[in-house]
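Working through the structure, step by step
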Amino acid sequence: MPLLSARRLARRATLVTPDTPLAEAVRRAHTDHAGALVVVDHDGAPRGLVSEKAVTQTPEHRRPWVTVGDLTRGLEPDLTLPADLRGEALIEALRRAPAPEYLLLEPDGRVYGVLTVSDVDRTFTGI
């Protein structure tokens, strides 16, 4: 458990505004080698997470017409975690507010990435 680290398990995130077409956001994420989309306002402040499930369930032919804002879940306070969380403190934070994804922030407030519960689960199952 002490080796469990939010930073190590995080997915790189591509930052996009809510009006970005999903097709463009996915293209940027591929270019960035990112595994997550974070919606930011025009000042760059994080405002929401785009669910991986919502992206995969949107047919490719619809993606140019759907904006990421249409697929965004707002950031509740417990869904934003410090990127440096480790071990039991990380597990406790996930228990406190069960969700599929969490935004990880650096101490200075910059987005570090996204932690998914499926990635955490994989560390315990060895898959």
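In short, a report on the structure. (Residues numbered from 1 in each chain as written. Predicted model: local features only at pLDDT ≥ 70, side-chain atom pairs only at ≥ 80, totals over all residues. Heavy atoms only, no water.)

**So, the sheet that holds strand S3 (residues 46-50)**
Note the threshold: DSSP-based pairing: two strands are paired if at least 2 bridges between them are found. For helices the rule is a DSSP run of H or I covering at least 4 residues; for strands it is a run of E covering at least 2, with both sets numbered from the N terminus onward. Note on geometry: axes are C-alpha line fits, over the in-contact stretch for helices, and angles between N-to-C directions span 0 to 180 degrees. The contact criterion used throughout is that any non-hydrogen atoms of two residues lie within 4.5 Å.
Spatially, the four strands line up as an open sheet ordered S1-S2-S3-S4, and their pairing is mixed. The open sheet has two edge strands with one neighbour each: strand S1 (13-16) and strand S4 (72-74). Going across the sheet, the axis of each strand differs from the next one's by a mean of 35 degrees, ignoring polarity. Sheet topology note: the S3/S4 ladder contains three bridges and is antiparallel. Within S4, the position partnered with leucine 49 by the bridge is arginine 73. On top of the sheet, helix H2 (residues 22-32) reaches S1 and strand S2 (36-40); it is set at about 145 degrees to S1, its chief contact.

**Digging into the environment of valine 68**
Heads up, the condition is: Each residue is assigned to one of three classes by its accessible area relative to the maximum for its type, calculated with a 1.4 Å probe on protein chains only: buried under 20%, partly exposed between the two thresholds, exposed over 50%.
Take valine 68: it is sitting in the loop between helix H3 (52-57) and S4. Overall, the relative accessible area of 0% leaves valine 68 in the buried class. Ignoring sequence-local partners within four residues, the contact set of valine 68 consists of Val16, Thr17, Pro18, Thr20, Leu22, Ala25, Leu37, Val39 and Val50.

**Examining the environment of valine 39**
Relative to the helices and strands, valine 39 is located in strand S2. Apart from the residues lying within four places of it in its own chain, the contact partners of valine 39 are Val16, Thr17, Pro18, Ala45, Pro46, Arg47, Gly48, Val50, Val68 and Thr72.

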